[in-house]
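Topology and contacts: notes
Single-letter residue listing:
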Amino acid sequence: MELMKYEGEWYVWTLVITTILFVLIMPKKNLTWVGIFITIVFLSGFSWISDSIAGAVFDLFDLAKKQTIEPSDSMLISFVPASIATIYVNFYKPQKKWVFAFVFTLLCFVLELGLVKSGYMVNNDWNTWYGIPVYFTLFRFFFPWYLQLLSKKFIK
């Protein structure tokens, strides 16, 4: 197994390491370690399903310019979206829901744009800005609901 053989792979590994480290050292506000574990596992699965449908079924984009799954693809899909969502849910404040939704939507857009600009992600029938309404919907509606569900069922 050879690492760093694809253009932009350095960017992927930087994202993976940075987001995982941030989740490990962030102060725990809304989540406990159990909540973090549940969120990471659930959202990693959600990321795999959504990326598989968008990337493989509809062929909207390719990662590492290949139709196969590389180790960097696996780490990217498994940990970066789940870590960003975990950070969002951990720090989320209902009184600042719009600010959180806009900031994290912008963050995800910039990170996806970085994947494209670094050459790691190649868009086929997709434009990077198409993700903005998807990110906004997740951050404004889904993740606040998820935090309420998680708090009621598993944490408190």
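Above this text you will find the structure in question.
Position numbers for residues start from 1 in each chain and track the written sequence from start to end. With pLDDT at 70 or above as the cut-off, local features in this predicted model cover only qualifying residues; side-chain atom pairs require 80 or more to be listed or tallied, and sums for whole chains, interfaces and linings still use all residues. Each side-chain value is worked out from all heavy atoms of the structure, with water and hydrogens disregarded.

**Comments concerning helix α3 (residues 71–91)**
Numbering of helices and strands runs from the N terminus, with a helix taken as a DSSP run of H or I at least four residues long and a strand as a DSSP run of E at least two residues long. An expected span of 1.5 Å times one less than the residue number is assigned to each helix. Counted at 1.5 Å a residue, the expected span for α3 with its 21 residues is 30 Å, and the 30 Å between its end C-alpha atoms agrees. We call a residue buried when its accessible area falls under 20% of the maximum for its residue type, exposed when it is over 50%, and partly exposed in between, using a 1.4 Å probe and counting protein chains only. In terms of residue burial, α3 counts as a mostly covered element, since 15 of its 21 residues are buried.

**What about the packing of helix α1 (residues 9–25) against α3?**
Convention adopted: a line fitted to C-alpha atoms gives each axis, helices being fitted over their contacting stretch, and angles between N-to-C directions are expressed from 0 to 180 degrees. Contact geometry for α1 and α3: axes closest at 9 Å, N-to-C directions at 35°. Like other packed secondary-structure pairs, α1 and α3 cross with a definite hand, here left-handed. Contacts between α1 and α3 involve E9, V12, W13, L15, V16, T19, I20, F22 and V23 from the former and P71, S72, M75, L76, F79, V80, S83, I84, T86, I87 and F91 from the latter. Its residues assigned to classes, the contact of α1 with α3 shows 15 nonpolar, 4 polar and 1 charged. Note: crossing handedness is left-handed where the near helix turns anticlockwise from the far helix by less than a right angle, and right-handed where it turns clockwise. Residues are treated as being in contact if the distance between any of their heavy atoms lies within 4.5 Å. The classification used treats Ala, Val, Leu, Ile, Met, Phe, Trp, Tyr, Cys and Pro as nonpolar, Asp, Glu, Lys and Arg as charged, and all other residues, Gly among them, as polar.

**Observations regarding the layout of surface pockets**
Space left empty within the atom packing is revealed by a probe, the size of a water molecule, rolled over the atoms. Using a 1 Å grid laid over the protein atoms alone, points where a 1.4 Å probe fits but cannot get out form a cavity; open sets with protein on both sides within 12 Å along at least 5 of 7 lines form a pocket; any residue with an atom within 4 Å of a point counts as lining. Grid points are joined across faces, edges and corners, and a volume is the space filled by probe spheres set on the points. Within this model, the largest pocket holds a volume of roughly 760 Å³. Along its surface, the largest pocket is lined by 28 residues, and S50, D51, P81, E112 and Y135 are the ones closest to its centre. Split by residue class, the lining of the largest pocket holds 23 nonpolar, 3 polar and 2 charged.

**A few points about the packing of aromatic side chains**
Note on ring pairs: Phe, Tyr and Trp rings are taken, using the six-membered ring of Trp, and paired if centres are within 6.5 Å. Classes follow the plane angle, with under 30 degrees stacked, over 60 edge-to-face and the rest tilted. If you walk through the whole model with that rule in mind, you get 23 aromatic pairs. Here the aromatic rings of Y88 and F100 are separated by 5.9 Å at their centres, their planes lie at 80°, and the arrangement is edge-to-face. One end of the pair, Y88, is in helix α3; the other, F100, is in helix α4 (residues 97–117), and 12 residues separate them in sequence. Of the two residues examined, Y88 and F100, each falls in the buried class. Ring plane angle 5° and centroid distance 6.4 Å describe the contact between F100 and F104, whose orientation is recorded as stacked.

**Some details on unusual backbone geometry**
Phi at D59 is positive, roughly 50°, even though this residue is not glycine. By secondary structure assignment, the location of D59 is in the loop between α2 (33–57) and β1 (61–63).

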